[in-house]
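Okay, here's what each chain looks like letter by letter:
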Amino acid sequence: MTHFLTKACLAAVLALSAIPVTTSTAAAAGPQTSLIVEAQYYRPIRGCSPMHALRKARDYGLHRAEITRMSPRVVVVSGRDRRGWDRMVFANVRGCPLIRR
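Residues numbered from 1 in each chain as written. Predicted model: local features only at pLDDT ≥ 70, side-chain atom pairs only at ≥ 80, totals over all residues. Heavy atoms only, no water.

1. A look at the sheet that holds strand β2 (residues 74-81)
Then, in step 1: Read across the open sheet, the four strands follow the order β1-β2-β3-β4; overall the sheet is antiparallel. Each edge of the open sheet is held by one strand with a lone partner, namely β1 (63-70) and β4 (98-100). Here the strands of the sheet are splayed against their neighbours by 35° on average, with no regard to which way each runs.
Then, in step 2: Note that β2 and strand β3 (residues 84-91) share eight bridges and pair antiparallel. Note that in β3 the partner of Val75 across the bridge is Phe90. (Pairing = 2+ DSSP bridges. Helix = DSSP H or I, 4+ residues; strand = E, 2+ residues; numbered from the N terminus. Axes fitted to C-alpha atoms, helices over the stretch in contact; angles between N-to-C directions.)

2. Some remarks on the packing of aromatic side chains
Then, in step 1: Applying the stated criterion across every chain, the model contains zero aromatic pairs.
Then, in step 2: Lying over the aromatic face of Trp85, Arg80 brings its terminal NZ or CZ to 5.2 Å of the ring centre. (Phe/Tyr/Trp six-rings, centres within 6.5 Å; stacked < 30°, edge-to-face > 60°. Lys NZ or Arg CZ within 6 Å of the ring centre and 35° of its normal.)

3. Points about helix α2 (residues 50-59)
Then, in step 1: Along α2, the residues that are buried comprise Ala53, Leu54, Lys56 and Ala57. Taken down its axis, α2 places every buried residue within 165° of arc, on the same side. Residues of α2 that are exposed and point more than 90 degrees away from the buried face comprise Met51 and Asp59. (Buried < 20%, exposed > 50% of the residue type's maximum accessible area, 1.4 Å probe, protein only. Arc of directions from axis to C-beta.)

4. Quick look at the pattern of salt bridges
Then, in step 1: Throughout the structure, instances matching the rule amount to two salt bridges.
Then, in step 2: In this structure, Arg101 engages Asp86 in a salt bridge whose closest nitrogen and oxygen atoms are separated by 3.8 Å. Of the two residues, Arg101 is situated in the segment after β4 and Asp86 in strand β3; the sequence distance between them amounts to 15 residues.
Then, in step 3: With relative accessibility at 46%, the residue Arg101 sits in the partly exposed group. (Salt bridge = Lys/Arg side-chain N within 4 Å of Asp/Glu carboxyl O.)

5. As for the state of the cysteines
Then, in step 1: Taken as a whole and assessed by the stated rule, the structure comprises one disulfide.
Then, in step 2: Shown here is the disulfide that connects Cys48 with Cys96, its sulfur atoms set 1.8 Å apart. Between Cys48 and Cys96, the S-S torsion sits near 105°, and that sign places the bridge as right-handed. Note that Cys48 is positioned in the loop between α1 (2-28) and α2 and Cys96 in the loop between β3 and β4, a separation of 48 residues in sequence. (Disulfide = S-S within 2.5 Å.)

What follows is the structure, given as structure tokens:
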């Protein structure tokens, strides 16, 4: 019976001594920090982007297309087609509508 009581007391002492050890290691990690990531609101592209104008000019058959002039109203793209040098004028609004060829 003494062996049983000795083992039970030893188990109780080990169990009670283990509680402060676990809390001290958890407290050693410090306070928890949480990161809040704010959503970035991207400004929508207003007007005709240069890449969109070049893509449309290439779709219309203009080779070696490059932007020659860009103003608040128009985007001018120059390049070559089957007949020689040509230019296209797009309106500087959403969708890049073709004004002149």
